[in-house]
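As a plain string of letters, each chain reads:
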Amino acid sequence: MIRVLLADDQALIRGGFRALLEAEDDLEVVGEAADGSQAVELAVRHRPDVALLDIQMPVMDGIEATRRIVADERLTGVHVVMLTNFGVDEYVLDALRAGAAGFLLKDTEPVDLLSGIRVAARGDALLSPTITRRLMDEFVLQAPAAEVADLSPLTNREREVLALVGRGMSNDEIAARMVISPFTAKTHVSRAMVKLGARDRAQLVVLAYESGLVSKRSSPVNRVPPSGVSPR
């Protein structure tokens, strides 16, 4: 059972999400919050698998709530997914840097929302290749230079995997590109996360761009998954 926390300042939106999620056999809503401060408190109390947080909320916004959840050692198993009306914007990048696993638009199709929650619960990044490219090209590559991550702990193979993760590839696609097994690809990804101190795959995407392993000239994977949802 995937345990979900909902946080949005609009009760109607929370109610709609709750009704949708609780109609599924494998999803359970364990709490609702009307602001970011309540979201953090409920995350500590219920330890959900996935926290769906609106980016803009009173008292404490979703980005700060994400930052606090990620920083709490008791909540290492909580995967934060940001909800936004705005699509690809600077708030989304801030959320990823704060430790969010990805984001979903509030008007996404119900099937994609449900799929996205399951993707996040598995620990995968909720970013399609198209959205990844738009996001990183527009904001990471135009933003002031950030402190470049130290990639020296990575092997050449792990650097190659990191670059492919940054382009939005799934483990299966990385395996096919590198002619290795999906298990080996997953192992390389996991080792890169540990060596770089990345919480999840979404942070690897940010690191891949900020370190220069992926550039505007890199082509995204030639496929079109459901909006906002990344396959395994």
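Right above here is the structure, for reference.
Attention in this report is confined to the structure presented alongside it.

Cut-offs applied
- Residues numbered from 1 in each chain as written.
- Predicted model: local features only at pLDDT ≥ 70, side-chain atom pairs only at ≥ 80, totals over all residues.
- Heavy atoms only, no water.
- Buried < 20%, exposed > 50% of the residue type's maximum accessible area, 1.4 Å probe, protein only.
- Helix = DSSP H or I, 4+ residues; strand = E, 2+ residues; numbered from the N terminus.
- Pairing = 2+ DSSP bridges.
- Right-handed = clockwise from strand over helix to strand, strands pointing away.
- Salt bridge = Lys/Arg side-chain N within 4 Å of Asp/Glu carboxyl O.
- Axes fitted to C-alpha atoms, helices over the stretch in contact; angles between N-to-C directions.
- Parallel < 35°, antiparallel > 145°, perpendicular 65-115°, else oblique.
- Contact = heavy atoms within 4.5 Å.
- Core = buried A, V, L, I, M, F, W, Y, C linked by side-chain atoms within 4.5 Å.

## Section: the pairing of strand 1 (residues 2-7)
Side chains on a regular strand alternate between the two faces of the sheet.
Inference 1: Of all six residues in strand 1, five are buried; the element is thus mostly enclosed.
Inference 2: Judged from the six bridges that link them, strand 1 and strand 2 (residues 27-33) form a sheet pairing that is parallel. When the sheet's bridge partners are listed, L5 is paired in strand 2 with G31.
Inference 3: Of the crossover connections in this fold, the one passing from strand 1 over helix 1 (residues 11-22) to the parallel strand 2 is right-handed.
Inference 4: Bridge count for strand 1 against strand 3 (residues 50-54) is four bridges, and the pairing is parallel. Within strand 3, the residue paired with L6 across the bridge is L52.

## Section: the pattern of salt bridges
Inference 1: Applying the stated criterion across every chain yields a total of twelve salt bridges.
Inference 2: D8 is the partner of K106 in a salt bridge, and the nearest nitrogen-oxygen pair spans 2.8 Å. You can see K106 sitting in the loop between strand 5 (102-105) and helix 5 (110-121) and its partner D8 sitting in the loop between strand 1 and helix 1, a full 98 residues away along the chain. Note on accessibility: K106 and D8 belong to one class, buried.
Inference 3: Here the salt bridges do not stand alone but share partners, grouping R14, R18, E22 and E32 into one network.

## So, the packing of helix 9 (residues 182-196) against helix 10 (residues 201-210)
How two helices sit against one another is set out by the angle between their axes and by the gap between those axes.
Inference 1: Contact geometry for helix 9 and helix 10: axes closest at 10 Å, N-to-C directions at 70°. With respect to helix 10, the element helix 9 is oriented roughly perpendicular. When helix 9 is examined against helix 10, the residues V189, A192, M193 and L196 are found in contact with a partner set consisting of R201, L204 and L207.

## Here we look at helix 10
Inference 1: Here helix 10 lies mainly inside the structure; nine of its ten residues are buried.
Inference 2: Taken together, the buried positions of helix 10 are occupied by R201, A202, Q203, L204, V205, V206, L207, A208 and Y209.

## Some details on the nonpolar core
Inference 1: Formed by 24 residues in total, the largest nonpolar core has its most connected members in L162, V165, I174, V189, L196 and L204.
Inference 2: Put simply, the parts of the chain that give this core at least two residues each are helix 7 (156-166), helix 8 (171-178), helix 9 and helix 10.
Inference 3: In contact with I174, not counting residues within four places along its chain, are V161, L164, V165, M169, A185, V189 and R201.
Inference 4: By size, the runner-up hydrophobic cluster in this structure holds 23 residues, among which are A43, L75, M82 and A95.

## Some thoughts on the sheet that holds strand 4 (residues 79-84)
Inference 1: One open sheet accounts for five strands, arranged 2-1-3-4-5; its pairing is parallel. Both edges of this open sheet fall to strand 2 and strand 5, since each of them pairs with a single strand only. Ignoring strand direction, the axes of neighbouring strands in this sheet form an average angle of 25°.
Inference 2: Relative to the sheet, helix 2 (residues 36-46) contacts strand 1, strand 2 and strand 3, its axis offset from that of strand 2 by approximately 140°.

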